[in-house]
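Chain by chain, the residues run as shown.
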Amino acid sequence: QQTFRGIPVWGHQIIVHKNSQGQIQRINGDLAQGIEADLSGIKAAISDKQIALMAREQSRQLYDFDATAQISRQQIKAIIYLTDNDKALLAYYVEGFYQQGGNKVASPALIMDGDSGAVLAHWNNLKHAQATGPGGNEKIGRYEYGEDFAAMTVTEQAGLCLFENDNVRTVDLK
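Only a predicted model underlies this, so the values are computations on that prediction, with no experimental measurement involved.

## Quick look at helix H2 (residues 48-62)
Line of reasoning, step 1. Over its 15 residues, H2 runs 20 Å from end to end, which matches the ideal 21 Å to within 8%, given 1.5 Å per residue.
Line of reasoning, step 2. Every buried residue of H2 is listed here: Ile51, Ala52, Ala55, Ser59 and Arg60.
Line of reasoning, step 3. Immediately downstream of H2, the backbone of Asp64 shows phi near 60 degrees, a positive value.

The structure is reproduced here in structure tokens:
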């Protein structure tokens with residue numbers, strides 16, 4: 001991970017590949033150059049607390065949540081962000097989990113300018129998955145979820161992943 005004065009540079013890292021004797025075989029990745037020309041200091045005009053409030057409001061607007069939405073797991077991290085024209089900005093990466101009612105959820109991820117609070121980039125970081133693989137037993141034989149039967153939807157509950165559909169539920173018997 002590339003850093004500038006201890007702050008990670010978003011999306012820029014160098015990877016060194018070595019053989020079993022520890023000799024470098026190749027190097028690849030993205031290295032940002034000239035950051036110091038764009039950043040005279042590394043102190044943002046907006047505090048972490050202010051950016052947290054701004055991110056909550058922006059996320060509510062972007063993902064259509066009202067003030068009753070429950071927000072948890074909000075994380076804020078200072079980063080160096082390079083714009084499309086490679087200008088380095090001190091920014092914040094902010095992510096949280098939003099839930100409203102029983103079934104409306106999102107995990108907005110925002111990159112926000114550390115001086116203005118403007119949203120530079122955003123996406124829904126909610127993870128979705130479907131479980132496929134073998135099923136069956138001695139009586140009915142083997143079959144494949146995702147081929148013979150619908151894949152099972154993967155959901156998270158209290159930090160545990162659950163795989164189930166209308167007919168089958170996985171259970172950990174530990």
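## Some details on the nonpolar core
Line of reasoning, step 1. Counting 18 residues, the largest nonpolar core has Val9, Ile35, Leu39 and Ile80 as its most contacted members.
Line of reasoning, step 2. Of all elements in the fold, only H2, strand E5 (70-82), strand E6 (88-100) and strand E8 (108-113) reach the threshold of two or more residues within this core.
Line of reasoning, step 3. Considering every element that reaches this core, the biggest residue donor is E6, with four residues.
Line of reasoning, step 4. Among residues more than four places away in sequence, those in contact with Ile80 are Phe4, Ile7, Pro8, Val9, Trp10, Ile35, Leu39, Ala88, Leu89 and Leu90.
Line of reasoning, step 5. One finds Ile79, Ala91, Ile111 and Ala121 within the second-largest nonpolar core, a separate group that totals seven residues.

## A closer look at a negative patch on the surface
Line of reasoning, step 1. A grouping of Glu36, Asp38, Asp84 and Asp86 is seen on the molecular surface, where their side chains present a negatively charged patch.
Line of reasoning, step 2. As for its placement among the helices and strands, Asp38 is situated in helix H1 (residues 35-38).

## Points about a nonpolar patch on the surface
Line of reasoning, step 1. Judged by side-chain polarity, Ile14, Val16, Ile24, Ile27 and Leu31 come together as a nonpolar surface patch covering roughly 460 Å² of accessible area.
Line of reasoning, step 2. Of all the secondary structure elements, the ones that give two or more residues to the nonpolar patch are strand E3 (14-18) and strand E4 (24-29).
Line of reasoning, step 3. Along the chain, Val16 turns up in strand E3.

## Focus: the pairing of E4
Line of reasoning, step 1. In terms of burial, E4 is largely open, as just zero of its six residues are buried.
Line of reasoning, step 2. Relative to E4, E3 runs antiparallel, the two sharing five bridges. Each bridged residue has a counterpart across the sheet, and for His17 the counterpart in E4 is Arg26.
Line of reasoning, step 3. Counting the residues that bridge the hairpin from E3 to E4 gives five residues, and of these Gly22 lies at a positive phi of roughly 85 degrees.

## Regarding the pattern of salt bridges
Line of reasoning, step 1. Applying the stated criterion across every chain, the model contains two salt bridges.
Line of reasoning, step 2. With its nearest N and O atoms 3.8 Å apart, the salt bridge here joins Asp64 to Lys104. On the criterion of sequence distance, the pair formed by Asp64 in the loop between H2 and E5 and Lys104 in strand E7 (residues 104-106) is long-range, its members being 40 residues apart.
Line of reasoning, step 3. Here Asp64 falls in the exposed class, since its relative accessible area comes to 60%.
Line of reasoning, step 4. For Lys104, a relative accessible area of 27% corresponds to the partly exposed category.

## Quick look at the side chain of Asn125
Line of reasoning, step 1. Here Asn125 shows up in the loop between strand E9 (119-124) and strand E10 (130-131).
Line of reasoning, step 2. Polar contacts involving the side chain of Asn125 include one to the side chain of Trp123, which spans 3.4 Å.
Line of reasoning, step 3. Residues contacting Asn125, with those up to four places away along its chain left out, are Tyr93, Glu95, Ser107 and Ala109.

## Looking at the packing of aromatic side chains
Line of reasoning, step 1. Inspection of every chain in the model, using the stated rule, returns four aromatic pairs.
Line of reasoning, step 2. Aromatic side chains Trp10 and Tyr93 sit 5.1 Å apart centroid to centroid with 25 degrees between the ring planes, which places their arrangement in the stacked category. On the criterion of sequence distance, the pair formed by Trp10 in the loop between strand E2 (7-8) and E3 and Tyr93 in strand E6 is long-range, its members being 83 residues apart.
Line of reasoning, step 3. Owing to a relative accessible area of 34%, Trp10 belongs among the partly exposed residues under this scheme.
Line of reasoning, step 4. What makes Tyr93 buried here is its relative accessible area of 11%.

Definitions and limits used
- Residues numbered from 1 in each chain as written.
- Predicted model: local features only at pLDDT ≥ 70, side-chain atom pairs only at ≥ 80, totals over all residues.
- Heavy atoms only, no water.
- Helix = DSSP H or I, 4+ residues; strand = E, 2+ residues; numbered from the N terminus.
- Expected span 1.5 Å × (residues − 1).
- Buried < 20%, exposed > 50% of the residue type's maximum accessible area, 1.4 Å probe, protein only.
- Core = buried A, V, L, I, M, F, W, Y, C linked by side-chain atoms within 4.5 Å.
- Contact = heavy atoms within 4.5 Å.
- Patch = residues over 30% accessible without salt bridge, like charges linked within 9 Å, V, L, I, M, F, W, Y side chains within 5 Å.
- Areas by Shrake-Rupley, 256 points an atom, 1.4 Å probe, with all protein chains shown as cover.
- Salt bridge = Lys/Arg side-chain N within 4 Å of Asp/Glu carboxyl O.
- Lys, Arg positive; Asp, Glu negative; His and termini not counted.
- Charge placed at Lys NZ, Arg CZ, Asp CG, Glu CD.
- Pairing = 2+ DSSP bridges.
- Polar contact = N/O pair within 3.5 Å; in protein donor to acceptor, adjacent residues only side chain to side chain.
- Phe/Tyr/Trp six-rings, centres within 6.5 Å; stacked < 30°, edge-to-face > 60°.

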